[in-house]
Amino acid sequence: MGLEDRAAAPVRTESFRASRPQIVGPEVPQTPFPIHLSGAVQRGFGRGGKDLGCPTANLPDDSILPMSSVTESGVYYGYAQVSREKDGKTVLSEEEGQVLPMVMSLGWNPFYKNERMTAEIHIMHDFKSDFYGHSMKAIVLGYIRPELDYTSREGLIDDIETDKRVAINSLARPAYKGYRSDPFFDLTGNHPKL
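Small disclaimer: the values here were computed from a predicted structure and weren't measured.

What follows concerns the packing of aromatic side chains. Evaluated as defined, the whole model comprises 5 aromatic pairs. Look at Tyr-76 and Tyr-143: their rings are 5.2 Å apart centre to centre, the planes differ by 65°, and that puts the pair in the edge-to-face class. Here Tyr-76 is found in strand β3 (residues 74-82), whereas its partner Tyr-143 is found in strand β8 (residues 135-146), with 67 residues between them in sequence. On the basis of relative accessibility, which here comes to 1%, the residue Tyr-76 falls in the buried class. Judged by relative accessible area, which is 28%, Tyr-143 ranks as partly exposed. Following the ring pairs from residue to residue traces out a cluster consisting of Phe-33, Tyr-76 and Tyr-143. Just above the ring of Phe-184 sits the side chain of Lys-137; from NZ or CZ to the centre is 4.8 Å.

Another point: the pairing of β3. Burial runs high along β3: 9 of the 9 residues are buried. Across 7 bridges, β3 lies against strand β6 (residues 100-107) in antiparallel orientation. In the strand pairing of β6, Gly-74 is matched with Leu-106. Sheet topology note: the β3/β8 ladder contains 9 bridges and is antiparallel.

Conventions and cut-offs
- Residues numbered from 1 in each chain as written.
- Predicted model: local features only at pLDDT ≥ 70, side-chain atom pairs only at ≥ 80, totals over all residues.
- Heavy atoms only, no water.
- Phe/Tyr/Trp six-rings, centres within 6.5 Å; stacked < 30°, edge-to-face > 60°.
- Helix = DSSP H or I, 4+ residues; strand = E, 2+ residues; numbered from the N terminus.
- Buried < 20%, exposed > 50% of the residue type's maximum accessible area, 1.4 Å probe, protein only.
- Lys NZ or Arg CZ within 6 Å of the ring centre and 35° of its normal.
- Pairing = 2+ DSSP bridges.

In structure tokens form, the structure reads like this:
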């Protein structure tokens, strides 16, 4: 789907933000969730951390097909795990290699006028260093909201912060917490293998 083939994203309004729920989705993930994604973390546009205060890990284009083929663009939540190892050496701490909550933007990022669909995962942890080239696995468990356009960077940042709170609240339910120990992840303390 090219730039000219997709409908413009709705513009975010104050009334939209005021009406956002603090928990989304049913009590138990329902079809098409869970969706399993994996791939090596690649460099993106460099805007997440620098421009928005929300660093993201980008998955390769081919790894998002299991999701982009069954969902619409928007913001999602779930869990992710980054390999502690890179090039045969342990680089990340044990804590950084755990299964952690995440929010993910799947779409075109209309505020930045992207020309291709991307999957950008923000893992809710303060990593000490970047992890480009590391293997990453993610389980997407639910949908937060549609992809929106913004009239200001501040409006986008406000919604990102709300998305993070909604994800944490939504993942606190028992049926969602159980996915932290899903066999898709490496729970031995080593690192995810693709």
